[in-house]
Amino acid sequence: MRKLALSDEILMSVEKPARYIGNEINMVKKDPKDVDVRICMCFPDVYEIGMSHLGIQILYDMFNQWEDTYCERVYSPWPDMDKQMRKRKIPLFALESQEPVKEFDFLGITLQYEMCYTNVLQILDLSGIPLHAKERTWEDPLVMGGGPCSYNPEPIADFFDFFYIGEGETAYRELLDVYKECRKQGSSRLEFLKRAAQVDGIYVPTLYDVTYREDGTIASMKPNCPEAPEKVKKQVVSDLSDTYYPTKPLVPYIRATQDRVVLEIQRGCIRGCRFCQAGMIYRPIRPRNLEFLKRLAVEMLENTGYEEITLSSLSSSDYEQLPELVYFLIEECKQRKLNISLPSLRIDAFSLDVMSKVQDVRKSSLTFAPEAGSQRMRDVINKGLTEENILKGASEAFTGGWNRVKLYFMLGLPGEEKEDITAIAELANKIAAAYFELPKEERHGRPEVTASTSFFVPKPFTPFQWSPMNTSEQFEEKRRFLTGKVKEQINQRSIRYQCHDALTSELEGIFARGDRRLSAAIEKAYFRGCIFDAWTDFFQPELWEEVLDESGVSRHFYNYREREKEEIFPWDFIDIGVTKQFMWKEYENARAGRVTPNCRKQCSGCGAAAFGTGVCIEQRKGGIQE
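Presented here is an overview of the structure given in this document. (Residues numbered from 1 in each chain as written. Predicted model: local features only at pLDDT ≥ 70, side-chain atom pairs only at ≥ 80, totals over all residues. Heavy atoms only, no water.)

Before going further, it helps to spend a moment on the packing of aromatic side chains. Across all of its chains, the model carries 35 aromatic pairs by this definition. An angle of 35° between the planes, with centres 4.7 Å apart, marks the rings of phenylalanine 160 and phenylalanine 163 as tilted. The pair formed by phenylalanine 160 and phenylalanine 163 is uniform in burial state, with each residue classed as buried. Aromatic side chains tyrosine 164 and tyrosine 172 sit 4.2 Å apart centroid to centroid with 15° between the ring planes, which places their arrangement in the stacked category. Overall, tyrosine 164 belongs to the buried group, its relative accessible area being 2%. (Phe/Tyr/Trp six-rings, centres within 6.5 Å; stacked < 30°, edge-to-face > 60°. Buried < 20%, exposed > 50% of the residue type's maximum accessible area, 1.4 Å probe, protein only.)

This paragraph deals with unusual backbone geometry. Excluding glycine, residues mostly carry a negative phi; peptide bonds, for their part, are mostly trans. The omega torsion of the bond from arginine 283 to proline 284 falls at -5°, within 30 degrees of zero and hence cis. Mapping proline 284 onto the fold places it in the loop between helix 8 (277–281) and strand 12 (286–287). At asparagine 382, a residue that is not glycine, the phi angle is positive and equals roughly 65°. Mapped onto the fold, asparagine 382 is located in the loop between helix 12 (375–380) and helix 13 (387–399). In this structure, phenylalanine 532 takes a positive phi of about 50° despite not being glycine. (Helix = DSSP H or I, 4+ residues; strand = E, 2+ residues; numbered from the N terminus.)

Moving on, we get to the pattern of salt bridges. This structure, assessed with the given rule, holds 53 salt bridges. For lysine 16, the salt bridge goes to glutamate 48, with nearest N and O atoms at 2.9 Å. Placement of lysine 16 in the loop between helix 1 (8–12) and strand 1 (37–43) and of glutamate 48 in helix 2 (residues 47–50) is noted, with a sequence separation of 32 residues between them. Judged by relative accessible area, which is 37%, lysine 16 ranks as partly exposed. Between aspartate 549 and arginine 555 there is a salt bridge, with its nearest N and O atoms 3.0 Å apart. Through salt bridges with shared partners, a single ionic network connects Glu167, Glu169, Glu264, Arg267, Arg286 and Arg288. (Salt bridge = Lys/Arg side-chain N within 4 Å of Asp/Glu carboxyl O.)

Once that is clear, we can look at the packing of helix 14 (residues 418–436) against helix 15 (residues 472–488). Here helix 14 crosses helix 15 at 45°, and the two axes come no closer than 8 Å. In terms of orientation, helix 14 lies oblique with respect to helix 15. Crossing of helix 14 against helix 15: the hand is right-handed. Contact with helix 14, carried on its side by Lys418, Ile421, Thr422, Ile424 and Ala425, involves Lys478, Phe481, Leu482, Lys485 and Val486 of helix 15 and no other residues of that element. Split into classes, the residues belonging to the contact of helix 14 with helix 15 amount to six nonpolar, one polar and three charged. (Axes fitted to C-alpha atoms, helices over the stretch in contact; angles between N-to-C directions. Parallel < 35°, antiparallel > 145°, perpendicular 65-115°, else oblique. Left-handed = near helix turned anticlockwise from the far one by under 90°. Contact = heavy atoms within 4.5 Å. Nonpolar A, V, L, I, M, F, W, Y, C, P; charged D, E, K, R; others polar.)

In structure tokens:
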């Protein structure tokens, strides 16, 4: 393999050259000649974002613990570096060895967000890897995808050899052993892919054929060989206290988005919010052991030199030993003169006590995520939060010394009316009013209430996967309407309103529930210059509109229509445990405004008990009472 040398001239011509030089603290170094398998893990976004991703840190640690495997990393070159590499014909290279990505055995791409799809093509293009899986040979790496977007991989299926569905700590060892055996036997690439398809959690798109009806919906999706299963079952780690976790995480030389130790306290969620894909695909909830977390926290702080630690979870307040963990961390950080960054917690006496100990209340803000302004809409989405909860929490926060509050809402939720949008402005106003109920001597200036809205995008494997999505014009109309309503409030001077971009949301919606026929549009957009679409400065909506029109992509078909109950979805071949029947029942509950209790209060029979772990198995043993 040839090692690429980046000249000082190139590094001095780009922003933040430290993105490309490697040698970070805790970086793993191995001699490539001493291993059987080389993997390059890729996050298709800028270095600072990718270095903050816990999933890659976990896989990097796991792969490099295996003597026969060397895992390295690569991130999307920023446009200035992209230009230099093309101009000087420098192929994309891994940070650890500075050797070309094309010469690795595997290129693993983490798919966190639909708007990174053109960056996937940038990675392949700069690496000199054929964009289409069917054109690759053993001269090319096997391109594998994983992460949340792999739960509907079809829009980008043409570009990947296979996808890993689920949590990475379970099946990779078996997969790599199959690869080594196939290479030793001189098997063809197709023979390997057929063997790989028999490993739980592996989906090989070329081994499946899709047919369509006249109306454009899927008629069938069937394996075209006996090796490929009808259903691909997601992979789940049963015991999160006996698995891989990086005690020596990588520490970048430049500030990353998550510039701190990240302690994942549990996976899954009991809440069942009907808009939330993560809450469904990561079921059931599986907490980590308290003593395991304490040990991890101390080791990571000692091995990194970070000055801050944060907790990671979909709903940290639902970790049953949270008080014990947080008070331990407070004491540990006090001794080490370090900071604790807390995730969004339910505002109660415990969390306020904790936050008063770890935050400067005059500088920090508290975050609430009501998601909807009216109680009717919160019941529709199964948020499980009342206005009384929200106002009580805000009042207690103000009493505790805070005067800054952030509120997160969605516009365009199924069944939304103008009254529900008005309720967003009214709730923000009520929160500001709660501050003025304090005695004057207890106030700290004027309250700052920031109301942020994103636009609702229906996602696969949620009860709203059947739901129509608003048009960008409807989104903009609702944004203008809410802006006006905020200005009508008595406490409008204390309220600031922010809103997400509608056109980005519309494109995200197309890819979220799209099928294989979208690959051509993504490829065309990339060659027209679309890249870093998740970044406002680089997103080119007019160009995307042009490409979608030329490619015959119907916005109505992918976004605006309500899907039929029995429609075959592009992602139906994946078994996440939670059944489609349960999702439909929840969709009907949403339309009726019925609330479903959380998993600890009552089992709703979603199907995740099939994995035999987490809350579900405790429920069956009678360990949890309704």
